[in-house]
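# Structural features, examined
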Amino acid sequence: MTITENLNQQQLMAVSYQPANLLVLAGAGSGKTKVLVSRIAYLIQNHRIGPANIMAVTFTNKAAREMRERLEKMLQFPVTSMWVGTFHGLAHRFLRAHWQEAGLSQHFQIIDSEDQFRIIKRLQKDLDLAEERWPIKQTQWFINNKKDQGIRPQHIQYGAHDIFDKTLTKVYELYTEYCKRNNVVDFAELLLRTHEVLRDNLSLLEHYQDRFKHILVDEFQDTNDIQYAFVKLICGRDNFLTAVGDDDQSIYGWRGAKIENIQKLTKDFKDTITIRLEQNYRSTKNILAASNAVIEKNSNRLGKKLWTDGETGGLITLYSAMNDIDEASFIVKSILHEIHDGASRNDIAILYRSNAQSRVLEEQLIQAGLPYRIYGGMRFFDRAEIKDALAYLRLLNNENDDAALERIINVPTRGVGNVTLNKIRDLAKANNLSLWQSAKQHISGNLLAARAHNSLQNFIELIENIKTETENLAIAEQIEHVLFRASLKEFYSKDKSDRGRMRLDNLNELVSAAREFDDNNDEASMSLFLAHAALESGDDGNSGDTECVQLMTLHSAKGLEFPIVFISGLEQGLFPHQLSMSEPDKLEEERRLCYVGMTRAMQKLYLTHAQLRRLHGNEQYRRPSCFLYDLPEELLDKRSGMSLFTTSTTYSQKQPESKATIPQNTSFENNKYSIGQLVEHATFGVGTILNFEGAGDNLRIQVNFKSCGTKLLAAAYAKLNPL
DNA sequence: AAGGAGTAGGTTTTT
DNA sequence: CCTACTCCTT
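Residues numbered from 1 in each chain as written. Chains lettered and ligands numbered in written order. Predicted model: local features only at pLDDT ≥ 70, side-chain atom pairs only at ≥ 80, totals over all residues. Heavy atoms only, no water.

## Section: the overall build of chain A
What chain A contains, in helices and strands, is 27 helices and 19 strands. Taken across its 723 residues, chain A has 52% of its residues classed as buried. When contacts within chain A are restricted to residue pairs at least 6 apart in sequence, those whose partners lie at least 24 apart make up 75%. Carbon and sulfur atoms form 48% of the exposed surface of chain A, whose accessible area is close to 33600 Å². (Helix = DSSP H or I, 4+ residues; strand = E, 2+ residues; numbered from the N terminus. Buried < 20%, exposed > 50% of the residue type's maximum accessible area, 1.4 Å probe, protein only. Contact = heavy atoms within 4.5 Å. Areas by Shrake-Rupley, 256 points an atom, 1.4 Å probe, with all protein chains shown as cover.)

## Focus: empty space enclosed by the protein
Going through the model one piece at a time under the given rule, you end up with 6 cavities of 30 Å³ or more. In this structure, the largest cavity encloses a volume near 120 Å³. Gln109, Ile110, Asp112, Asp115, Phe381, Asp382, Lys387, Leu390, Arg394, Leu530, Ala533 and Ala534 together form the lining of the largest cavity. Elements with a contribution of two residues or more to the lining of the largest cavity: strand E4 (109–110), helix H15 (384–397) and helix H23 (526–535). Taken together, the residues of the lining of the largest cavity sort by class into 6 nonpolar, 1 polar and 5 charged. Taken domain by domain, the makeup of the lining of the largest cavity includes at least three residues from each of domain 2 (109–182) and domain 4 (380–536). Roughly 70 Å³ of internal volume is contained in the second largest cavity. Considering the residues around the second largest cavity, the lining is formed by Met55, Trp83, Leu90, Ala91, Phe94, Thr194, Leu198, Tyr208, Phe212, Phe230 and Ile234. Of all the secondary structure elements, the ones that give two or more residues to the lining of the second largest cavity are helix H4 (87–97), helix H8 (187–200) and helix H10 (225–234). Each residue belonging to the lining of the second largest cavity can be placed in one class, and the counts come to 10 nonpolar, 1 polar and no charged. (1 Å grid on protein atoms, 1.4 Å probe; cavity = no way out; pocket = protein on both sides within 12 Å on 5 of 7 lines; lining within 4 Å. Points joined across faces, edges and corners; volume = space filled by probe spheres on them. Nonpolar A, V, L, I, M, F, W, Y, C, P; charged D, E, K, R; others polar. Domains from an automatic or database assignment.)

## Things to note about the protein's contact with DNA strand B
Around DNA strand B, 25 residues are found, and the nearest of them are Arg353, Asn355, Arg379, Thr553 and Ser580. Near the protein, within 4 Å, the atoms of DNA strand B are sugar or phosphate in 45% of cases. Within the backbone of Asn355, an N or O atom sits 2.7 Å from a phosphate oxygen of DNA strand B. Contact distances for DNA strand B include 2.5 Å between a phosphate oxygen and a side-chain N or O atom of Thr553. (Near = heavy atom within 4 Å. Polar contact = N/O pair within 3.5 Å; in protein donor to acceptor, adjacent residues only side chain to side chain.)

## Concerning the environment of Ala91
By secondary structure assignment, the location of Ala91 is in helix H4. In this structure the C-alpha to C-alpha distance between Ala91 and Glu189, which are 98 residues apart in sequence, comes to 9.4 Å.

## Brief notes about the nonpolar core
Grouped together as the largest cluster of nonpolar side chains are 50 residues, with contacts concentrated most on Leu390, Leu456, Phe459, Ile479, Leu510 and Phe529. Apart from residues lying up to four places away in sequence, Leu390 is in contact with Phe381, Leu510, Phe529, Leu530 and Ala533. Formed by 42 residues, the second largest nonpolar core is a distinct cluster that contains Leu104, Ile110, Val185 and Leu191. (Core = buried A, V, L, I, M, F, W, Y, C linked by side-chain atoms within 4.5 Å.)

## A short note on the protein's contact with DNA strand C
Contacts to DNA strand C come from Lys121, Arg359, Arg614, His616 and Gly617. Sugar plus phosphate: this is where 47% of the atoms of DNA strand C within 4 Å of the protein reside. Here the surface near DNA strand C is built from residues that sort into no nonpolar, 2 polar and 3 charged.

## A short note on helix H7 (residues 163–182)
An ideal rise of 1.5 Å per residue puts 28 Å on 20 residues; H7 measures up with 28 Å between its terminal C-alpha atoms. Asp165, Thr167, Leu168, Thr169, Val171, Tyr172, Tyr175, Tyr178, Cys179 and Asn182 are the residues of H7 that are buried. In this fold, the buried residues of H7 make contact with helix H5 (113–126), helix H6 (136–148), strand E5 (184–185) and helix H16 (402–408). Directly after H7, the chain includes Asn183, whose backbone phi takes a positive value near 70°. (Expected span 1.5 Å × (residues − 1).)

## Remarks on H8
Taking 1.5 Å as the rise per residue, H8 with 14 residues should run 20 Å; its terminal C-alpha atoms sit 21 Å apart, in good agreement. The N-cap residue of H8 is Asp186: its side-chain oxygen and the backbone nitrogen of Ala188 are 3.1 Å apart.

## Some thoughts on the packing of H15 against helix H20 (residues 475–485)
Two numbers describe how H15 lies on H20: the axes approach to 10 Å, and their chain directions differ by 110°. As the angle between them shows, H15 and H20 are arranged roughly perpendicular. Of H20, the residues touching H15 (which contributes Ala389, Tyr392, Leu393 and Leu396) are Ile479, Val482 and Leu483. (Axes fitted to C-alpha atoms, helices over the stretch in contact; angles between N-to-C directions. Parallel < 35°, antiparallel > 145°, perpendicular 65-115°, else oblique.)

What follows is the structure, given as structure tokens:
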């Protein structure tokens, strides 16, 4: 098969266009990845560009892996010398090679946002900044935001009375010093430092400009200032940029992505050719028409209209639910129908604006006995037990990693409590020592009471012993040894709950991950494995054998596609979100998010909203989302749940408090339960009580419901058992 | 050092 | 309403 086979005219043009600066505006489902991969293959095969002369930047590590795989499959030979990765991954690679020019020490480590949070918290505490007035998150945001814009503490200008900027800049400054002292680098620093080194080192810059004849960047609409500056810098000579993206799918403005980047590209890069991929191969005509109708309401678009010569498809179902539970129950019922009609659970995705919305959906799915999977929860390498284990490894790798030491000095508990730790901190601060050095001084100088002294000494010896014992081991074996010597597994196995068991599993999984890393990397080292752990989310992909309905936020649905898609909670204040409704720019991003969601659907799209929703504990009447009014009537199959009027009587009854959850896998329809059973195991919900029998503990109740509510049951109970 | 009480806060997330 | 975290008691 040749590279240019099976491409439409626009795709072919994008793939085969002579070396030049290219902007490929690729609409949803227009074969963007295919074009990107094919263009690289084409450059290699037809323009005799060496893989080593190509750099490809992707949005996630997963995308990077997939790109390399597809490319190698297409070319039938490995392209190991090509640089493929995320901006962060590539920057890391660069800094490892040029740590001296970058002013880093050779074995610098990457910290993630949680580490960063803890460090800033510590620093602010030392500065006596009250957390209520100076939220750590805010400082963290301040620092990262400055870094994303290429701004160092010394560049920040503030007025004499600007306490806010003055204070945060001070923290930023101390934080920078801390990172230098501890030999660590955060995510934003990877990019900023790389940019600075290239900018200030002409020979190095020219070397890379000469090497990378072609730089290809995917998801260009999601680049931030520093990333754009980096691309601009490196594309400064006889080399070319291929930027692929879709301004209509820019949904990360809130974390620094600049939609303007894709808009100003043609001005900043010489003779840029713009190619539009507008033929969609994913969705039906109806779905596409509806999506187009929504996105058309945005101003400032580069302009693009998707079309398809696929089938018209069914109408889009718009369900107006009575409340959030009715909404969830409608979704679940519809899923059951779809499955009955031959759909696989894997084909179905439920999308929502915020994670909190998943709970009600989950409850209904559990009741229906439908297996589901939630995307984008806690990431593997972010789990507490994994981070503990990694902290040991970090400490072994670099004794002066204070954050690592703080994390595990008393995990598992070994009698080095807060009092001792504070003493260690104080001495470290006074003499500009690392915590490890300070701890050793406490031992050698006999500065502690006997009990603390012994505990601390044991800790120091433990670390030093592990260090010698693991010196020549492969990384997986090193980790196993650490887990054993630090009794981490023992520590977690004390927890007999599901959670404890899961933690043990995860620790074992960590060993496997290390082994896999070892197998896949020629020069695997502990230092590289730690970097891998920081840069990779370690998402398990489609693990597991059971087919699952997929639940995720609209944001995490980007780049995916499903035959059947539900978008729930289309209500003013929820989607578009309350906090994004005031400013036009933010509302436009919400609209793009809606567009992204809708264009995930291949065959069938369901949109739902609830008239009454329980949010933060109280019920609120909600207007349908403004996006729903953009949809052409003729594309819709409108349905609605019970009217509000009927149920409001139920809701208005005086109801005593009760708390409980229905056990999983319980089926309810028209069954009789003892009230004790039900009140103890009920979740709130909607239902009708058909009949009562007996009284007191022997009271039995017949209910007809999707899920019967605690409130309702409690009301019934109160009615039959007056005080 | 663990568990209970009390309370603050509650978009979106990858690296 | 639910959670995650702090603080306070044993």
